[in-house]
Amino acid sequence: MPKDSYLVGLIGSGIGPSLSPALHEREADRQGLRLLYRLIDIDPLGVPPEAVGDLVRAARDLGFDGLNITHPCKQLVIEHLDALAPQAEALGAVNTVVFEDGRAVGHNTDVTGFAASFARGLPDAPLERVVQLGAGGAGAAVAHATLTLGAERVTVVDALPERAAALADSLNRAFGQGRAAAAPPERQAELLAHADGIVHATPTGMAAHPGLPLPAGLLHPGLWVAEVVYRPLETELLRTARAVGCATLDGGGMAVFQAADAFRLFTGCEPDSARMLADIEELAGDVESSVGEAA
């Protein structure tokens, strides 16, 4: 039986501009619930990402109902949890923790969030050959989502070759050999010349990390481009891609659908995703000049 009041929060680095508090609190208000969403930013606290376990324990002791987890703690938090939902275990990344009967249970709503956003925003996009930039916690989730959506092959490009290789290995174990591969940034030109689309899952493009994650000359009209960064909604990558004729998908949809799934886990109540999509358009427009955030 759902309660009528909830205390939740977000643990991460540089999360001051996050739209998560407003998304959750607005939807709770419309449903007649009292929900307080607190930001737990490790930067002003002066603690390293490895302190995430202490923060999770403190939140549980203080009576929180759950937490969202973002960069750079999505993988580090796992060893501090009592149990993992199957999808979080398969991914090796957690973005939502629910406290149930004194236990901390990890979930991942990034996968379903990206899949729902992609199906809504790029429903007819070809998925034979997809190049993904970034192999971190968000990257693991969106690669799983892309393969779940029916991509034949995802090639993961990351500045850390061992991280890209580890993600590709886990994807092949989950989806079958040959469905994923790893490649160094030096092969981007060759890969993108023959790709159907790009999934961007690095912090580049946030206001705090401006710029393009790849040379602009590698973009061509035959590519679709899906972005994970949602602060700002209009990243330099999306602007550049649209200018050369690419179909594009901003990060707002993923932010909303993963938040909606987390809201359901926290409260047991069914969120209205359409209302939350309208919220993020309004909220992101109000603060487009603020520091950015990735999902």
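Residues numbered from 1 in each chain as written. Predicted model: local features only at pLDDT ≥ 70, side-chain atom pairs only at ≥ 80, totals over all residues. Heavy atoms only, no water.

Concerning the packing of aromatic side chains
Note on aromatic pairs: each is described by the distance of the centres and the angle between the planes. Evaluated as defined, the whole model comprises two aromatic pairs. With centroids separated by 5.9 Å and ring planes inclined at 40 degrees, the aromatic side chains of Phe 114 and Phe 118 adopt a geometry described as tilted. Taken together, the residues span about one helical turn, with Phe 114 and Phe 118 both in helix H5 (residues 110-121) at a distance of four residues. Relative accessible area serves as the criterion here: at 3%, Phe 118 is assigned to the buried category. The structure contains a cluster of three or more aromatic residues connected by ring pairs, namely Phe 114, Phe 118 and Trp 224. (Phe/Tyr/Trp six-rings, centres within 6.5 Å; stacked < 30°, edge-to-face > 60°. Helix = DSSP H or I, 4+ residues; strand = E, 2+ residues; numbered from the N terminus. Buried < 20%, exposed > 50% of the residue type's maximum accessible area, 1.4 Å probe, protein only.)

Remarks on helix H9 (residues 236-243)
Buried within H9 are the following residues: Leu 237, Leu 238, Thr 240 and Ala 241. On an axial view of H9, the arc spanned by its buried residues comes to 165 degrees, and they lie on one face. Looking at the buried positions of H9, the neighbouring elements they touch are strand E10 (197-200), strand E11 (224-227) and strand E12 (247-249). At the exit of H9 stands Gly 245, carrying a positive phi of roughly 100 degrees. (Arc of directions from axis to C-beta. Contact = heavy atoms within 4.5 Å.)

Overview of the sheet that holds strand E9 (residues 180-183)
Two pairing modes exist for strands in a sheet, parallel and antiparallel, and in both the strands are linked by backbone hydrogen bonds. Spatially, the six strands line up as an open sheet ordered E9-E8-E7-E10-E11-E12, and their pairing is parallel. Of all the strands in the sheet, the pair left with one neighbour each is E9 and E12. Neighbour-to-neighbour, the strand axes of this sheet turn through a mean angle of 20 degrees, independent of strand direction. Here strand E7 (residues 129-133) pairs with strand E8 (residues 153-157) via five bridges, running parallel. Bridge pairing links Gln 132 to Val 156 in E8. In the packing of H9 onto the sheet, contacts are made with E10, E11 and E12, and the angle to E11 comes to roughly 165 degrees. (Pairing = 2+ DSSP bridges. Axes fitted to C-alpha atoms, helices over the stretch in contact; angles between N-to-C directions.)

Describing the confidence of the model for the protein chain
Per-chain confidence: the protein chain averages 93 in pLDDT, with 96% of residues scoring 70 or above. Below pLDDT 50 for its whole length, residues 289-295 participates in 29 contacts with residues either more than four positions away or in separate chains. (pLDDT = per-residue confidence, 0-100.)

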